[in-house]
Amino acid sequence: GIYQPENAAVAIETANAMKIRPEHILEGIKSATNPGRFEVIEKNPVVIYDGAHNKNGMIALSRSLVRYFPEWQGATFIMSFMSDKDISGELEILKGSGLLENSEVFAVKVKNNPRTAESAEVCRIAKSLGISAKPFEDIRDAYEKALSEKKPTIICGSLYLYRDLDEIRK
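What comes next concerns the included structure.

Calculation notes
Residues numbered from 1 in each chain as written. Predicted model: local features only at pLDDT ≥ 70, side-chain atom pairs only at ≥ 80, totals over all residues. Heavy atoms only, no water. Pairing = 2+ DSSP bridges. Helix = DSSP H or I, 4+ residues; strand = E, 2+ residues; numbered from the N terminus. Axes fitted to C-alpha atoms, helices over the stretch in contact; angles between N-to-C directions. Contact = heavy atoms within 4.5 Å. Buried < 20%, exposed > 50% of the residue type's maximum accessible area, 1.4 Å probe, protein only. Arc of directions from axis to C-beta. Salt bridge = Lys/Arg side-chain N within 4 Å of Asp/Glu carboxyl O.

### Section: the sheet that holds strand β1 (residues 39-43)
Right, on to step 1. If you walk across this open sheet you meet the 6 strands as β1-β2-β6-β3-β4-β5, and the pairing is mixed. The strands lining the two open edges of the sheet, one partner per strand, are β1 and β5 (133-135). Averaged over neighbouring strand pairs, the angle between their axes works out to 20° when direction is ignored.
Right, on to step 2. Pairing of strand β2 (residues 46-49) with strand β6 (residues 153-156) involves 3 bridges; the strand directions are parallel. Note on β6: the bridge partner recorded for Val47 is Thr153.
Right, on to step 3. In this fold helix α5 (residues 119-128) packs onto β4 (104-107) and β5, with an angle of close to 170° to the strand it touches most, β5.

Dropping the structure here:
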């Protein structure tokens with residue numbers, strides 16, 4: 001994501017202040033990973049997982065997508081939210097960025113998490129905002145359907161969903 005260079009700069013400055021040797025800093029930056037944060041899962045068609053789970057996360061995700069995909073033609077968004085989050089506000093950010101034009105939302109539930117929002121409720125909220133949305137009970141079904149459509153897939157809305165995705169990709 002576009003926020004990673006800033007994060008790396010903060011880490012470098014912190015390491016410098018701690019008198020860590022430059023070659024160790026460079027090795028750390030080279031080997032750093034941040035799973036679940038604008039992580040490219042597949043390349044053709046592109047599948048990106050980003051744990052954006054609040055308004056700031058959705059803003060960062062939107063900015064990253066706009067920057068790295070200037071020829072945006074739409075995508076499938078597989079989304080899950082915790083019920084105590086501002087689902088409407090997060091969806092409004094994506095809609096306001098134009099990323100939901102020619103796109104659809106596949107709403108899923110995070111498995112084994114009592115806080116997860118029902119996929120039908122996410123769809124109800126999305127549709128009230130004029131966003132095309134379909135409920136799925138299982139991420140496997142949503143993921144397979146999204147891949148079959150041969151267009152970019154963005155998975156976001158909850159860091160908890162990463163575990164469920166990892167299970168179906170094994």
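Having seen it, we continue.
### Side note on α5
Right, on to step 1. Taken residue by residue, α5 has Ser119, Val122, Cys123, Ile125 and Ala126 as its buried positions. End-on view of α5: buried residues confined to an arc of 165°, all on one side of the axis. Among the exposed residues of α5, those oriented more than 90 degrees off its buried face are Ala120, Lys127 and Ser128.
Right, on to step 2. Buried residues along α5 sit in contact with α4 (87-96), β4 and β5.
Right, on to step 3. Downstream of α5 by a residue or two, Gly130 has a phi angle that is positive, lying close to 80°.

### Comments concerning the pattern of salt bridges
Right, on to step 1. With the rule as written, the count across this model stands at 11 salt bridges.
Right, on to step 2. Residue Glu42 pairs with Arg169 through a salt bridge whose shortest N-O separation is 3.1 Å. Linking Glu42 in strand β1 with Arg169 in helix α7 (residues 161-169), this pair joins segments that are 127 residues apart in sequence.
Right, on to step 3. The exposure class assigned to Arg169 is partly exposed, which follows from its relative accessible area of 36%.
Right, on to step 4. Across the pair Arg115 and Asp84 runs a salt bridge whose closest N-O atoms are separated by 2.9 Å. In this pair, Arg115 sits in the loop between β4 and α5 while Asp84 sits in the loop between β3 (76-79) and α4, placing the two residues 31 residues apart along the sequence.
Right, on to step 5. A residue is classified by how much of its surface remains accessible, and Arg115, at 31% relative accessible area, is partly exposed.
Right, on to step 6. Counted as one network, the salt bridges with shared partners bring together Lys145, Glu149 and Lys151.

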